[in-house]
Amino acid sequence: MTYLVKPKFKHPNLPTNRLGLTHRDYEGSVSTLCAGCGHDSISSALIQACFELDLPPHRVAKMSGIGCSSKTPTYFLGQSHGFNSVHGRMPSVATGANLANRDLVYLGVSGDGDSASIGLGQLAHCLRRGVNMTYIVENNGVYGLTKGQFSATADAGSTSKKGVGNNDQPIDLVSMAIILGATFVARSFSGDKGQLVPLIKAAIRHRGVAFLDVISPCVAFNNHSGSTKSFDYVREHNDAVNAIDWIEGRDEIVTDYAPGMVEDVAQHDGSVLRLRKLADNYDATDKLGAMNFIQRHQAAGEVVTGLLYVNEETGDLNDRLNTAETAFNALGKAELCPGSAKLAAINAALR
Ligand SMILES: Cc1ncc(C[n+]2csc(CCOP(=O)(O)OP(=O)(O)O)c2C)c(N)n1
Ligand code: SF4
Ligand SMILES: [Mg+2]
């Protein structure tokens, strides 16, 4: 058995959301990851975000690849759809599902090995196409599941648990995501739930691809002093550019901040992202400025976190391909199989 079912007991006075569901209704099976693994904190943040967004669990599809990180969808949203794909192939499965049914909320959960090593090509095309999904990389700099080899996000000069040095240059996922056309790019830390939960909520509400690089220490293989993905390193070098308040469409927008200290970004669904600036003059809508800032701080060994880039103006892949608005599984036989006359007309148009 690869998972443990949680006992059904829940306290009768647990708070409920607008759907009448409790936090427990968004949980999954008992985690089998190592105690203290950063990935479990991200699962917990996902549970909280989905509970607070009042998401109906059956309208969510969890997509993942292979790795400890990719196992985690078993540990949250136990009543949602799930697809555990081949290593590095989650993006193409998510793209196909998205085209067949645009109504579901797609949560992609992957690892740095899954997305930056074997799955790099898949990730790149998912980002540039703007698949409408939240894409989370639980980034620990190693292949945790296969016992701690360096992944493509491990920094040059960092060492393995046994002291072997990494000489290769790292792939900086957020810089790459911005260059490849992702329209919502953020970085966070599994140890900072206060930052992570609003980022996940905003990412889920974003139309287009929302990419989150979440540094998530592997306590078994990469939490030592030679690592730049350890709890200590990230806590000491975390440099947040903004803090997010996510304001739902029905909530009144009030402000008591000094001019220039907040930036409100309207989202497609009527909600508003309020970015409280922590770094002087950081403008998350300025693509070149964001790239410049991230690279300069990275060169100084800092881990820049927060909502790094957002563009609410562009649509998603379904908009660009003009796909059917009705999910394939809700179409009738007549629409799915319009008959030989239609096929003949299409063929004639191509001659
Ligand atoms: C095609 C294929 N190649 C290699 C493997 C072996 N493998 C399993 S998980 C993994 C790396 C996982 O690393 P990451 O995505 O960073 O996840 P983590 O375990 O660190 O969360 C590898 C190489 C595999 N399962 N399939
Ligand atoms: S090996 Fe690392 S990534 Fe995998 S569960 Fe353990 S701590 Fe987490
Ligand atoms: Mg990893």
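This one's a predicted model, so the numbers in the text were calculated from it and none came from an experiment.

1. Quick notes on the overall build of the chain
Part 1: Summing up its helical and strand segments, the chain has 12 helices and 13 strands in all.
Part 2: Here the C-alpha atoms of the chain give a radius of gyration of 21 Å, agreeing with the 20 Å that 2.2 N^0.38 yields for 351 residues.
Part 3: Once the C-alpha set of the chain is aligned to its principal axes, its extents read approximately 70 × 60 × 55 Å.
Part 4: Long-range pairs, those at least 24 residues apart, make up 71% of the contacts in the chain with a sequence separation of at least 6.
Part 5: Surface accessibility of the chain: about 16400 Å² in total, with carbon and sulfur atoms responsible for 54%.
Part 6: A gap of 9 Å separates the mean positions of the 32 positive and 35 negative side-chain charges of the chain.

2. Brief notes about the coordination of the magnesium ion (ligand 3)
Part 1: All of the protein donors around the magnesium ion (ligand 3) are Asp112 (OD), Asn140 (OD1) and Val142 (O); their distances to the metal are 2.1 to 2.2 Å.
Part 2: Mapped onto the polypeptide sequence, the residues donating to the magnesium ion (ligand 3) form the spacing pattern D-x27-N-x1-V. One end of the pair, Asp112, is in helix α4 (residues 112-117); the other, Asn140, is in the loop between β4 (133-139) and β5 (142-143), with 28 residues separating them in the sequence. By the burial criterion, Asp112 is buried, and Asn140 matches it.

3. As for the packing of helix α1 (residues 38-52) against helix α7 (residues 193-205)
Part 1: Two elements in contact, α1 and α7, have axes whose closest approach is 9 Å; the angle formed by their N-to-C orientations is 55 degrees. By the angle between their directions, the pair α1 and α7 is classed as oblique. Classified by chirality, the crossing of α7 by α1 is right-handed. Contacts between α1 and α7 involve Ile42, Ser44, Ala45, Leu46, Gln48, Ala49, Cys50 and Glu52 from the first element and Lys193, Leu196, Val197, Ile200, Lys201 and Ile204 from the second.
Part 2: Tallied by class, the residues present in the contact of α1 with α7 amount to nine nonpolar, two polar and three charged.

4. Re the pattern of salt bridges
Part 1: Under the criterion given, the structure shown has 11 salt bridges.
Part 2: Linking Glu27 and Arg24 is a salt bridge whose minimum nitrogen-to-oxygen distance equals 2.9 Å.
Part 3: Looking at Glu27, the relative accessible area reads 18%, which means it is buried.
Part 4: On the basis of relative accessible area, Arg24 is assigned to the partly exposed category, the value being 26%.

5. Some points on the site of ligand 1
Part 1: Neighbouring residues of ligand 1: 17 residues in total, closest Cys68, Ser69, Gly113, Asp114 and Gly144.
Part 2: In this structure, Asn140 approaches ligand 1 through a side-chain N or O atom, which is 3.1 Å from an oxygen atom.
Part 3: Backbone polar atom of Val142 to an oxygen atom of ligand 1: 2.9 Å apart, as the coordinates give it.
Part 4: In isolation ligand 1 has 600 Å² of accessible area, and contact with the protein removes 74% of it.
Part 5: Elements with a contribution of two residues or more to the shell around ligand 1: α2 (68-71), α4 and β5.
Part 6: Looking at the shell around ligand 1, the element that brings in the most residues is α4, giving three residues.

6. Some thoughts on empty space enclosed by the protein
Part 1: By the definition in use, this model includes one cavity of 30 Å³ or more.
Part 2: In this structure, the largest cavity occupies an estimated 40 Å³ of space.
Part 3: Lining the largest cavity, in full, are Gly141, Ala154, Asp155, Ser158, Thr159, Asn222, Ser227, Thr228 and Lys229.
Part 4: Grouping the amino acids of the lining of the largest cavity by side-chain chemistry returns one nonpolar, six polar and two charged.

7. Regarding the environment of Leu46
Part 1: Turning to its location among the elements, Leu46 is positioned in helix α1.
Part 2: Sequence separation between Leu46 and Leu77 is 31 residues, and the spatial gap between their C-alpha atoms is 8.6 Å.
Part 3: Excluding residues that lie within four positions of it along the chain, Leu46 makes contacts with Phe76, Leu107, Val109, Ile136 and Ile200.

8. Some points on the sheet that holds strand β1 (residues 60-64)
Part 1: Read across the sheet, eight strands follow the order β2-β1-β3-β4-β8-β7-β13-β9 without closing on themselves; strand pairing throughout is mixed. Single-partner strands in this sheet number two, and they are β2 (81-84) and β9 (238-240). If you compare each strand with its neighbour and ignore which way they point, the axes differ by 20 degrees on average.
Part 2: Strands β3 (105-111), β4 and β8 (209-215) of the sheet are contacted by α1, whose axis makes an angle of about 155 degrees with β4.

9. Quick notes on the site of ligand 2
Part 1: Lining the immediate environment of ligand 2, one finds Leu33, Cys34, Cys37, His39, Cys68, Asn140, Gly144, Cys218, Val219, Ala220 and Phe221.
Part 2: Each residue belonging to the shell around ligand 2 can be placed in one class, and the counts come to eight nonpolar, three polar and no charged.

10. Some thoughts on the sheet that holds strand β12 (residues 272-277)
Part 1: Taken in spatial order, the three strands line up as β10-β12-β11 in an open sheet, and their pairing is antiparallel. Every other strand in the sheet has two partners, leaving β10 (242-247) and β11 (262-266) as the edge strands with one partner each. Sheet twist, expressed as the average angle between the axes of neighbouring strands with direction ignored, equals 20 degrees.
Part 2: Across five bridges, β11 lies against β12 in antiparallel orientation.

11. Notes on the pairing of β1
Part 1: With five of five residues buried, β1 is to be regarded as a mostly interior element.
Part 2: On β1, burial covers both faces: Val60, Lys62 and Ser64 on one face and Ala61 and Met63 on the other are all buried.
Part 3: Where β1 meets β2, four bridges bridge the pair, whose relative direction is parallel. Its bridge partner lying in β2, Lys62 is registered against Gly82.

12. Some words on the nonpolar core
Part 1: Counting 70 residues, the largest nonpolar core has Met133, Phe184, Phe211, Leu212, Leu273, Tyr282 and Leu307 as the members making the most contacts within it.
Part 2: Leaving out residues up to four positions away in the same chain, Leu273 has contacts with Phe184, Ala202, Ile244, Asp245, Trp246, Glu263, Asp264, Val265, Gln267, Leu307 and Val310.
Part 3: Listed in part, the six residues of the second largest apolar core include Ile215, Tyr233, Val234 and Val303.

The rules behind these values
- Residues numbered from 1 in each chain as written.
- Chains lettered and ligands numbered in written order.
- Predicted model: local features only at pLDDT ≥ 70, side-chain atom pairs only at ≥ 80, totals over all residues.
- Heavy atoms only, no water.
- Helix = DSSP H or I, 4+ residues; strand = E, 2+ residues; numbered from the N terminus.
- Rg over C-alpha atoms; globule rule 2.2 N^0.38 Å.
- Contact = heavy atoms within 4.5 Å.
- Areas by Shrake-Rupley, 256 points an atom, 1.4 Å probe, with all protein chains shown as cover.
- Lys, Arg positive; Asp, Glu negative; His and termini not counted.
- Charge placed at Lys NZ, Arg CZ, Asp CG, Glu CD.
- Donors = N, O, S within 2.8 Å, 3.2 Å for Na, K, Ca; no water.
- Buried < 20%, exposed > 50% of the residue type's maximum accessible area, 1.4 Å probe, protein only.
- Axes fitted to C-alpha atoms, helices over the stretch in contact; angles between N-to-C directions.
- Parallel < 35°, antiparallel > 145°, perpendicular 65-115°, else oblique.
- Left-handed = near helix turned anticlockwise from the far one by under 90°.
- Nonpolar A, V, L, I, M, F, W, Y, C, P; charged D, E, K, R; others polar.
- Salt bridge = Lys/Arg side-chain N within 4 Å of Asp/Glu carboxyl O.
- Near = heavy atom within 4 Å.
- Polar contact = N/O pair within 3.5 Å; in protein donor to acceptor, adjacent residues only side chain to side chain.
- 1 Å grid on protein atoms, 1.4 Å probe; cavity = no way out; pocket = protein on both sides within 12 Å on 5 of 7 lines; lining within 4 Å.
- Points joined across faces, edges and corners; volume = space filled by probe spheres on them.
- Pairing = 2+ DSSP bridges.
- Core = buried A, V, L, I, M, F, W, Y, C linked by side-chain atoms within 4.5 Å.

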